[in-house]
Amino acid sequence: MPCPVLFAQVKMCKFCGKKHAIRKESCPAWGKTCNKCHKENHFSVKCQSINLVENESYSDTTDEDELWLNAVHANKTTLTAVMNANNCSIRFQLDSGAQTNTIQKKYVRKEQVRPSSSTLRVYDSTPLKTLGEVDLPVTNPKSNEVMNVTFAVVSNKLQSLLGLQVIQKMNLITVNDEKFISMVDTTSDLGDLGEATLVVDNEVQPKTLPCRKLPLAIKDRDKSELDKLVDRGILVPVTTPTRWVSQMAVVHKANGKLRICIDPQALNSALLREHYKLPTLDDILPKHQKAKLFSKLDIKEVYWHVKLDDRSSLLTTMITPCKQAKIILNDDKKVIGLKEIIFHGHKITSEGVKADDGKIKAIIDMPSPTDISGVKRFCGVVQYMAKFLPSLSTTLEPLRTLTRKNAPWAWTRSTDSSKDGLGAVLLQNGKPIEYASRSLTSAQRKWAQIEKEALSILFGLERFDQYTYGRKVIIEMITNP
């Protein structure tokens, strides 16, 4: 592709902002230094200096990844190099702080450019849209060394630039690592601050807690995150019984990712604490009174820098809902292709989940209670079908009244409904999925109606959390406050 030719015509100059013949000898900015970026051959009013590029494409990069384009100066003279690319001699700015490369669009053909989801950002974080990406072989005319380089195609107003990786591989600059103030290794997957031992009070009874329900909306993401932690050696599967079993906690990070944690509330009550005095600011400042240069570093995944010994790691065993195993099925009891099955007292059909007819008949055939124990037994059996019965707590309130202290015994066929219960129903496409209800406490019964309505919303969301968490839901109130 032939390089562009400049004709001696009068037009607005992009270097000085005035009209003149397009020749460098005619430009008043030629040979001058910009007051903004301290580079030559343009005035500050036309300065197009790029300082920061942030990769906004959806990738597996960490939250801290940023692509920098900090120009390197030598006696206020920009470091540049003339390289051959796409049959053109191009003067590139050499940027030892850059993690990307840019090329002006005038040096590439339209059909060479492919779409890109990356966005450049200038020093003040203003987004700068690229025209796409292009892969070009770049030749050093002095050494004839050739390297394939991926460029972000930018406007002709911006600078063609080679980043750190390219200029190092092509030996255009030398980085003297030994001259750095501090060498910090940030490439290791896990840090190492040594090994720790947890000591527990043997008089505290160990606790084995059940597995928490996991919302369906994040189940797959949770499994994926657990697999990553196992692959990195942070978590180790436990296949033997342990005296302490804690629950797993899932936390949403600000970037939308999940953080898998142990919920050690029970274990914390048994741990014997070590005592260590943390330094205060007054302890630290006197040590740096002669300091001239300062750096600030942040520890990534700090808790994973400390490894637990084998005995202590078993104390932090947590139960997770994700597990796969090889099983053998019983061919004699295998049934396949049924339109409905009975499972744990529920009839599962293609139309949804229904109450088992056998359970309903058992409730109908129960004898009438004759004492308080009989009422409690009856309420317990009926509660098993609560998901199919709307406003069950309201219906059962007269029966619960019989179980209260000093309440007179009066079993009749008809009773008055109570207004002292909460009810909720989970609907999908207008059809009920599950009902839930509970009675109000004596204090809650004294609340204003609007407070009871708010409580019912909270109750419904918490009761159906496994289905609603992480999903858009619409809340409808039957009785408006």
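Residues numbered from 1 in each chain as written. Predicted model: local features only at pLDDT ≥ 70, side-chain atom pairs only at ≥ 80, totals over all residues. Heavy atoms only, no water.

*Asks:* I would appreciate a short explanation of the overall build of the protein chain in the present structure.
*Replies:* Along the protein chain, the regular secondary structure elements total ten helices and 24 strands. A sequence separation of at least 24 residues applies to 57% of the contacts in the protein chain between residues at least 6 apart. For the protein chain, the computed accessible surface area is about 34,600 Å², with 53% contributed by carbon and sulfur atoms. (Helix = DSSP H or I, 4+ residues; strand = E, 2+ residues; numbered from the N terminus. Contact = heavy atoms within 4.5 Å. Areas by Shrake-Rupley, 256 points an atom, 1.4 Å probe, with all protein chains shown as cover.)

*Asks:* Is there a simple way to think about the pattern of salt bridges in this case?
*Replies:* Think of it this way: side chains of opposite charge can pair up when their charged atoms draw near. Counted by the stated rule, this structure contains seven salt bridges. For Asp263, the salt bridge identified is with Arg212, shortest N-O distance 2.5 Å. On the criterion of sequence distance, the pair formed by Asp263 in strand E17 (residues 258-263) and Arg212 in the loop between strand E15 (195-196) and helix H2 (219-231) is long-range, its members being 51 residues apart. We classify Asp263 as buried; its relative accessible area is 14%. Assessed through its relative accessible area of 36%, Arg212 is described here as partly exposed. (Salt bridge = Lys/Arg side-chain N within 4 Å of Asp/Glu carboxyl O. Buried < 20%, exposed > 50% of the residue type's maximum accessible area, 1.4 Å probe, protein only.)

*Asks:* For this particular structure, what's the right way to read the packing of helix H7 (residues 372-383) against helix H8 (residues 392-402)?
*Replies:* How two helices pack is summed up by the angle between their axes together with the distance between the axes. At a minimum axis distance of 9 Å, the contact between H7 and H8 shows a crossing angle of 165°. When the interaxial angle is binned, H7 and H8 end up roughly antiparallel. The chirality of how H7 crosses H8 is left-handed. Facing Ile372, Val375, Phe378, Cys379, Val382 and Gln383 of H7, the residues of H8 in contact are Leu392, Leu396, Leu399, Arg400 and Leu402. (Axes fitted to C-alpha atoms, helices over the stretch in contact; angles between N-to-C directions. Parallel < 35°, antiparallel > 145°, perpendicular 65-115°, else oblique. Left-handed = near helix turned anticlockwise from the far one by under 90°.)

*Asks:* Could you clarify how one ought to interpret the packing of aromatic side chains in this entry?
*Replies:* We describe a pair of aromatic rings using the distance from one ring centre to the other and the angle between the two ring planes. Considering all chains together, one arrives at one aromatic pair under this definition. Between Phe92 and Phe151 the ring centres are 5.7 Å apart and the planes differ by 15°, which places this aromatic pair in the stacked class. Placement of the pair is Phe92 in strand E8 (residues 88-94) and Phe151 in strand E13 (residues 146-154), with a sequence separation of 59 residues. (Phe/Tyr/Trp six-rings, centres within 6.5 Å; stacked < 30°, edge-to-face > 60°.)

*Asks:* Is there a simple way to think about the sheet that holds strand E22 (residues 352-355) in this case?
*Replies:* Pairing between the strands of a sheet is mediated by backbone hydrogen bonds and can be parallel or antiparallel. Pairing is antiparallel in the open sheet, where three strands are placed in the order E20-E21-E22. Each edge of the open sheet carries a strand with a single partner, namely strand E20 (340-343) and E22. Adjacent strand axes in the sheet meet at a mean angle of 30° when their direction is disregarded. (Pairing = 2+ DSSP bridges.)

*Asks:* What's the story with the pairing of strand E7 (residues 80-85) in this structure? I'm lost.
*Replies:* One face of the sheet, then the other: side chains in a regular strand alternate in exactly this way. Covered by surrounding structure in E7 are Ala81, Met83 and Ala85 only, the residues Thr80, Val82 and Asn84 on the alternate face being uncovered. In sequence, E7 turns back onto E8 through a hairpin of two residues, with Asn86 there showing a positive phi of about 60°.

*Asks:* Any chance you could explain the environment of Phe151 here in plain terms?
*Replies:* A relative accessible area of 1% means that Phe151 is categorised as buried. Along the sequence, Phe151 and Asp135 sit 16 residues apart, while their C-alpha atoms lie 6.3 Å from each other.

*Asks:* Could you clarify how one ought to interpret the sheet that holds strand E19 (residues 318-319) in this entry?
*Replies:* Reading across from one edge, E17-E16-E19 is the order of the three strands in this open sheet, with mixed pairing throughout. Whereas interior strands pair on both sides, the edge strands pair on one side only; in this sheet they are E17 and E19. Across two bridges, the pairing between strand E16 (residues 246-252) and E19 is parallel. The partner of Ser246 across the bridge, within E19, is Met318. Seen against the sheet, H2 touches E16 and E17 and runs at an angle of roughly 75° to E17.

*Asks:* Any chance you could explain the side chain of Thr468 here in plain terms?
*Replies:* Along the chain, Thr468 falls in helix H10 (residues 465-468). Contact partners of Thr468, with chain neighbours within four places excluded, come to Leu426, Leu461 and Val473.

*Asks:* What should I look at first to understand the pairing of E22 in this one?
*Replies:* Pairing geometry for strand E21 (residues 346-349) and E22, over four bridges, is antiparallel. Across the sheet, the residue bridging to Ile348 is Val353, located in E22. Connecting E21 to the next strand, E22, in antiparallel fashion are two residues.

*Asks:* Just to check I follow, could you spell out the environment of Ser89 for this structure?
*Replies:* Mapped onto the secondary structure, Ser89 falls in strand E8. Distance in space between the C-alpha atoms of Ser89 and Tyr107 is 9.3 Å, their sequence separation being 18 residues.

*Asks:* What is the right way to read unusual backbone geometry from this model?
*Replies:* Glycine aside, negative phi is the norm for most residues, and most peptide bonds take the trans geometry. Although it is not a glycine, Asn171 sits at a positive phi angle of roughly 60°. For Asn171, the location among the structural elements is in the loop between helix H1 (164-169) and E15.

*Asks:* Would you explain the nonpolar core in this entry?
*Replies:* Considering soluble globular proteins, one finds that nonpolar side chains tend to be buried as a cluster. In this structure, Met83, Ile90, Ile103, Val134, Val138, Phe151 and Leu162 are the most contacted members of the largest nonpolar core, which totals 21 residues. The set of elements that each furnish at least two residues to this core consists of E7, E8, strand E12 (132-139), E13 and H1. Once residues within four sequence positions are removed from consideration, Val134 is found in contact with Ile103, Val108, Gln112, Arg114, Val149, Thr150, Phe151 and Val153. Listed in part, the 13 residues of the second largest apolar core include Ala355, Val382, Met385 and Leu392. (Core = buried A, V, L, I, M, F, W, Y, C linked by side-chain atoms within 4.5 Å.)

*Asks:* Quick question: what am I supposed to make of a nonpolar patch on the surface here?
*Replies:* Where nonpolar side chains cluster on the molecular surface, the patch consists of Val335, Leu338, Ile341, Phe343, Ile348 and Val353 and spans about 550 Å² of accessible area. Turning to its location among the elements, Phe343 is positioned in strand E20. What makes Phe343 partly exposed here is its relative accessible area of 49%. (Patch = residues over 30% accessible without salt bridge, like charges linked within 9 Å, V, L, I, M, F, W, Y side chains within 5 Å.)

*Asks:* How should H7 be read in this particular structure?
*Replies:* The end-to-end C-alpha distance of H7, which contains twelve residues, comes to 16 Å, matching closely the 16 Å that a straight helix rising 1.5 Å per residue would cover. Listed in full, the buried residues belonging to H7 are Gly374, Val375, Phe378, Cys379 and Val382. Projection of H7 onto a plane perpendicular to its axis shows the buried side chains occupying an angular sector of 135°, all on one side. Facing away from the buried side of H7 by over 90 degrees, the exposed positions are Lys376 and Arg377. (Expected span 1.5 Å × (residues − 1). Arc of directions from axis to C-beta.)

*Asks:* Just checking my understanding: could you explain the confidence of the model for the protein chain for this structure?
*Replies:* In low-pLDDT regions, the fine details of the predicted coordinates are not to be read closely. Of all residues in the protein chain, 83% have pLDDT values of 70 or greater, and the mean over the chain is 78. In the model of the protein chain, strand E3 (residues 52-53) stands out as the element of lowest mean pLDDT, 32, in contrast to E12, which has the highest, 94. pLDDT under 50 marks residues 50-76. Its contacts with residues more than four places away, or in other chains, come to 64 contacts. In this model residues 414-418 is a low-confidence stretch, pLDDT under 50, and it forms five contacts with partners more than four residues away in sequence or in other chains. (pLDDT = per-residue confidence, 0-100.)

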